[in-house]
Amino acid sequence: MGGSGLVVRDLSVGYGPVRAVRRVSLEVPEGAVVTVLGSNGAGKSTLLRAVSRTLSFHGGAITEGSVSLGDRRLDGLAPDRVVAAGVSQVPEGRRVFARMTVADNLRAGALGAARSGRAAALARVHELFPVLAERSGQRAGLLSGGEQQMLAVARALMAAPKVLLLDEPSLGLAPLMAQRIADTVREINAQGTSVLLVEQNAALALRLATRAYVLEVGEVTLSGPADELAASDEVRRRYLGVVDEDAVAEADADAERAGGVRRTLTRWRG
Ligand SMILES: Nc1ncnc2c1ncn2[C@@H]1O[C@H](COP(=O)(O)OP(=O)(O)OP(=O)(O)O)[C@@H](O)[C@H]1O
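Since the structure is predicted, the reported quantities are computational estimates derived from the model, not experimental observations.

(A) Up close: the overall build of the protein chain. In terms of regular secondary structure, the protein chain is built from twelve helices and ten strands. Expressed as a percentage of the 270 residues in the protein chain, the buried residues total 39%. Partitioning the intrachain contacts of the protein chain with sequence separation of at least 6 by distance along the chain shows that 67% fall at a separation of at least 24.

Next comes the structure, spelled out in structure tokens:
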């Protein structure tokens, strides 16, 4: 199963008495892009923190289940050992070191990794994000939002991960910049890195991923090939904001008869 893929098995996570993730199982096969969809508070970030072993920084802990990469168990390792094992996380909110230069941010990303690969990793991120080479000596806090997201991704890539964990990379970005980040994720994957992508932008995530999981209140409620989920009524209604065209047309006709009030309401459905 999975070869050297990432496997999460029956994972439960709590923050004190709060059970944020319940018996979640998922798999990121080698070379795949897998997405986890879900609304606010569904447990998406918690899941990534459990994999990267950064839960304890947030007061959380795994209460059952396992996380492995190939034959190697990751649960129980220190966060820097997870990076060394080949799993790097880009945290939510593009947390770069604002007062450090772009170059120093990238250097920090390589800390957990083998020294020998650093020059190649730097060449790779400069090729993916030429702007980071141009801004190398500039403080990270002075970059635009989109550039900071690029830096956060680049920093994670400096450890030359087998699996990249991405937490809401499009959050707060203009559509054009979100699309650029998406294109880059595709490129990173084409270069051989597997991706576990957590997103509220389901349309974007389902275009990138081959497989998707829907998380609701800490549990996986749906999973399957991304194109099948994208076509499913439930996902379209709940996560893609697609309304049933016939129902809207009917409601509009009703509204016209009733004096035009319904039209505004139907816009909020779905
Ligand atoms: N540090 C924390 N301490 C206590 N509870 C937390 C903490 N972080 C998250 N939670 C709770 O765990 C649950 C899952 O939160 P999580 O942040 O993983 O969801 P999410 O799907 O990533 O949502 P969002 O997109 O808003 O980050 C929520 O009920 C949340 O309130």
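(B) Expanded view of the site of the ligand. Every one of the 14 residues lining the ligand counts as a neighbour, but Tyr 15, Ala 20, Lys 44, Ser 45 and Thr 46 are closest to it. Per-element accounting of the shell around the ligand gives the leading share, three residues, to helix H1 (residues 44-52). Across the shell around the ligand, the residue classes break down as four nonpolar, nine polar and one charged.

(C) Structural view of the environment of Arg 237. Inspection of the secondary structure assignment puts Arg 237 in helix H10 (residues 233-238). You can call Arg 237 partly exposed: it has 14 C-beta atoms within 10 Å.

(D) Molecular detail of the sheet that holds strand E4 (residues 61-69). The four strands are arranged E2-E1-E4-E5 in an open sheet whose pairing can be described as antiparallel. The sheet is open, and its two edges are formed by strand E2 (18-28) and strand E5 (72-73), each paired on a single side. Taken together, the seven bridges between strand E1 (residues 6-15) and E2 define a ladder with antiparallel strand orientation. Across the sheet, Leu 6 pairs through a bridge with Val 28, a residue of E2. Along the sheet, H1 contacts E1, E2 and E4; its crossing angle with E2, the most-contacted strand, is approximately 70°.

(E) Summary view of the environment of Asn 105. Examined against the element boundaries, Asn 105 turns out to sit in helix H3 (residues 102-109). Once you skip the residues sitting within four places of it in the chain, Asn 105 turns out to touch Val 96, Phe 97, Met 100, Ala 140, Leu 151 and Arg 155.

(F) The arrangement of the sheet that holds strand E7 (residues 163-167) in detail. Read across the sheet, six strands follow the order E6-E7-E8-E3-E9-E10 without closing on themselves; strand pairing throughout is mixed. With partners counted over all chains shown, the strands left at the sheet margins are strand E6 (87-90) and strand E10 (219-225), one partner each. Between one strand axis and the next, the sheet turns by 15° as a mean value, whatever way the strands run. By the bridge criterion, five bridges tie strand E3 (residues 33-37) to strand E8 (residues 194-199) in an arrangement that is parallel. Residue pairing across strands places Thr 35 opposite Leu 197, the latter belonging to E8. Relative to the sheet, helix H6 (residues 145-157) contacts E6 and E7, its axis offset from that of E6 by approximately 170°. Its contacts with the sheet place helix H7 (residues 175-190) against E3, E7 and E8, and it is angled at close to 155° to E8.

(G) Molecular detail of the nonpolar core. In terms of nonpolar packing, the biggest core is built from 74 residues, with Ala 154 and Leu 197 touching the most fellow members. Of the residues forming this core, the biggest block, seven residues, is contributed by H6. Ignoring any residue separated from it by four or fewer positions in sequence, one finds Leu 197 in contact with Val 33, Thr 35, Leu 166, Val 185, Ala 205, Leu 208 and Ala 209.

(H) A look at the confidence of the model for the protein chain. In the predicted model, the protein chain carries a mean pLDDT of 88, and the fraction of residues at 70 or more is 88%. Mean pLDDT values for the elements of the protein chain range from 36 in helix H12 (residues 262-266) up to 98 in E1. Here residues 260-270 is modelled with pLDDT under 50, and outside its nearest four sequence neighbours on either side it reaches 16 contacts, counting other chains as well. At the level of chain-chain contacts, confidence expressed as ipTM amounts to 0.96, with global pTM at 0.87.

(I) Seen up close, the pairing of E7. The buried count for E7 comes to five of five residues, which makes it a mostly enclosed element. Inspection of the sheet shows E6 paired to E7 by four bridges, in the parallel sense. Within the sheet, the bridge partner assigned to Val 90 lies in E7 and is Leu 166. The sheet contact formed by E7 and E8 spans five bridges and is parallel. Residue Leu 164 lies in a different strand from E8, and its bridge partner there is Val 195. Read as a crossover between parallel neighbours, the route from E7 over H7 to E8 is right-handed.

Parameters and conventions
- Residues numbered from 1 in each chain as written.
- Predicted model: local features only at pLDDT ≥ 70, side-chain atom pairs only at ≥ 80, totals over all residues.
- Helix = DSSP H or I, 4+ residues; strand = E, 2+ residues; numbered from the N terminus.
- Buried ≥ 20, exposed ≤ 12 C-beta atoms within 10 Å, placed from the backbone.
- Contact = placed C-beta atoms within 7 Å.
- Near = placed C-beta within 6 Å.
- Nonpolar A, V, L, I, M, F, W, Y, C, P; charged D, E, K, R; others polar.
- Pairing = 2+ DSSP bridges.
- Axes fitted to C-alpha atoms, helices over the stretch in contact; angles between N-to-C directions.
- Core = buried A, V, L, I, M, F, W, Y, C linked by C-beta atoms within 7 Å.
- pLDDT = per-residue confidence, 0-100.
- Right-handed = clockwise from strand over helix to strand, strands pointing away.

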